[in-house]
Amino acid sequence: MPELFDAHKRMHEELAGVKRLIDSGRFRSLWGSLVVEPKAQFESQNENEKVVILGRRHFITNISWIALVCFAFFVPFFWNEFPLVADVTDNVHFSLTVLWYLALAFFAVQKFLLWFYNVYIVTDERIVDVDFFGLLYKNVNVTEIRKIEDVNYSQRGVWASFFNYGNVVIETASEQRSDEVFGKTGEASPFTFEAISSPDEVVKVISELMEQEEKEEYEGRTK
Amino acid sequence: MEILPGIYIDISLSLVVGLMIKTLMVLILVFSVIMVRQASMMDRVVNLPIGNTLKKVVWAFFVLAAVLTFVVVVA
């Protein structure tokens, strides 16, 4: 058994895609959209399972709510321009300003948390897609690498091409969907890595992991 | 304005807006409690080294919201 594990580890170290990403030095920050071999763990992680890639939506996809927050930040400076607000007492004026900034901060923190923790994890054994919806709902999809049938990616639009992000769609043998929420998201598969940074590199790494799994399975059969 | 015999209340715009603001402040406070719970749940699902810092930020937001809600509701 230890021999098998060593062989597995040795093969993993030989993954060219991972090595190339590490060598590029761009994918090491945990705040980034794509992190290679991060010091991260997840809920259902097995003992010897190693996280190869941790991805999340490209940071640039947050630009719309960041712009909205920036715009809303200056609204209280013009309170007196609003007819009804101009008529309230100073006390209420102050309370309204406090409420406005508190709500804005809540919105920003909430949006940031959802971006930060909606992650796609590729390990040497499995693919994990963690989705949080709003305040109280989470959806975790897990599949084994050997069950993957097809991996492809798409980049649409000027922003996606310019900032090099896109959707990675992973087709599995199983058609079972974890929840109804999946249907509402409009994703092509339960394992869709949406707006992930460098989708081509992610696809290469997953393909290499699939090849590795096939090789292991073949060697297991011939032994 | 007499709402009940002998009980008068002066309903002004400030009173109505003030009441709405206080209600919304309490609502945000409730949401921030949920957010604290959510942050710790997220950290359990995906454990990252900077998760603790984020939890502290969310707790700080909750404390700030509690203090401000207290000030606004009491004021």
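What counts, and at which threshold
- Residues numbered from 1 in each chain as written.
- Chains lettered and ligands numbered in written order.
- Predicted model: local features only at pLDDT ≥ 70, side-chain atom pairs only at ≥ 80, totals over all residues.
- Contact = placed C-beta atoms within 7 Å.
- Helix = DSSP H or I, 4+ residues; strand = E, 2+ residues; numbered from the N terminus.
- Nonpolar A, V, L, I, M, F, W, Y, C, P; charged D, E, K, R; others polar.
- Pairing = 2+ DSSP bridges.
- Expected span 1.5 Å × (residues − 1).
- Buried ≥ 20, exposed ≤ 12 C-beta atoms within 10 Å, placed from the backbone.
- Core = buried A, V, L, I, M, F, W, Y, C linked by C-beta atoms within 7 Å.
- Domains from an automatic or database assignment.
- Axes fitted to C-alpha atoms, helices over the stretch in contact; angles between N-to-C directions.
- pLDDT = per-residue confidence, 0-100.
- Parallel < 35°, antiparallel > 145°, perpendicular 65-115°, else oblique.
- Left-handed = near helix turned anticlockwise from the far one by under 90°.

What is the right way to look at the interface of chain A and chain B in this model?
It is common to give the size of an interface as the accessible area lost on bringing the parts into contact. Contacts between the two partners involve 31 residues from chain A, matched on the other side by 28 residues from chain B. Listing elements by their share of the side of chain A that touches chain B, those giving two or more residues are β2 (41-42), α5 (90-117), β5 (126-133) and β6 (137-144) of chain A. Its residues placed into classes, the side of chain A that touches chain B shows 22 nonpolar, five polar and four charged. Across two bridges, β2(A) lies against strand β3 (residues 46-47) of chain B in antiparallel orientation. Within β3(B), the position partnered with Gln41(A) by the bridge is Asn47(B).

Would you mind showing me how to read helix α2 (residues 51-74) of chain B here?
Helix length check: α2(B) (24 residues) gives 35 Å between terminal C-alpha atoms against 34 Å at 1.5 Å per residue, within 8%. Where α2(B) is concerned, the buried positions are Val58(B), Phe61(B), Ala65(B), Thr69(B) and Val72(B).

Looking at this structure, I do not really get the nonpolar core. What am I missing?
The tendency in soluble globular proteins is for nonpolar side chains to be buried side by side. All names here are of chain A. Membership of the largest hydrophobic core comes to 54 residues, with the highest contact counts inside it found for Ile53, Tyr117, Ile121, Ile196, Val202, Val205 and Ile206. Ranked by the residues each element gives to this core, the list is headed by α5, at eight residues. Here this core gathers at least three residues from each of two domains, domain 1 (2-57 + 118-222) and domain 2 (64-112). Setting aside residues up to four positions removed in sequence, Val202 forms contacts with Ile53, Gly55, Val168, Phe193 and Ile196.

Help me understand the sheet that holds strand β7 (residues 148-154) of chain A, please; the structure alone is not making it clear to me.
In any sheet, the strands associate via hydrogen bonds between backbone groups, in a parallel or an antiparallel arrangement. All names here are of chain A. Pairing is antiparallel across the open sheet formed by three strands, whose spatial order is β7-β8-β9. Taken across any chain shown, the strands that pair with only one partner, and hence form the sheet edges, are β7 and β9 (191-197). Direction aside, neighbouring strands of the sheet carry axes that sit 20 degrees apart on average. The pairing of strand β8 (residues 165-172) with β9 spans five bridges and is antiparallel.

What exactly am I supposed to notice about the confidence of the model for chain A here?
If pLDDT is low for a region, its predicted coordinates should not be looked at in detail. For chain A, the average pLDDT comes to 82, and 83% of its residues sit at 70 or higher. Across chain A, helix α3 (residues 63-73) of chain A holds the top mean pLDDT of 96, while helix α1 (residues 2-13) of chain A sits lowest at 50.

What is the right way to read the packing of α5(A) against α2(B) from this model?
At their nearest, the axes of α5(A) and α2(B) sit 11 Å apart, and the two run at 160 degrees to each other. The orientation of α5(A) relative to α2(B) falls into the category roughly antiparallel. Of the two possible hands of crossing, α5(A) and α2(B) adopt the one that is left-handed. Where α5(A) abuts α2(B), its residues Ser95(A), Val98(A), Leu102(A), Ala105(A) and Val109(A) lie against Val58(B), Phe61(B), Ala65(B), Leu68(B) and Val72(B). Class assignment of the residues belonging to the contact of α5(A) with α2(B) gives a composition of nine nonpolar, one polar and no charged.

Explanation requested: helix α1 (residues 13-45) of chain B in the structure shown.
Within an α-helix, residues lying three or four positions from one another point in the same direction, as the helix has 3.6 residues per turn. Between the first and last C-alpha of α1(B) there are 47 Å, a value that for 33 residues agrees with the 48 Å anticipated at 1.5 Å per step. Buried residues along α1(B) sit against α5 and β5 of chain A together with β3 and α2 of chain B.

Explain unusual backbone geometry to me, please; I cannot follow it from the model alone.
For residues other than glycine, phi is negative in most cases, and the peptide bonds are mostly trans. Even without glycine at this site, Glu37(A) takes up a positive phi of about 45 degrees. Look at Glu37(A) and you get partly exposed, because 15 C-beta atoms sit within 10 Å.

Help me out: how do you make sense of the environment of Ile148(A) in this one?
Residues and elements named next belong to chain A. Here Ile148 shows up in strand β7. A residue is classified by how many C-beta atoms lie within 10 Å of it, and Ile148, with 20 of them, is buried. Expressed as a C-alpha distance, the spacing of Ile148 and Ala40, which sit 108 residues apart in the sequence, is 23 Å. Among all residues touching Ile148, those that are not within four sequence positions of it are Thr143, Ile170, Thr172 and Met210.

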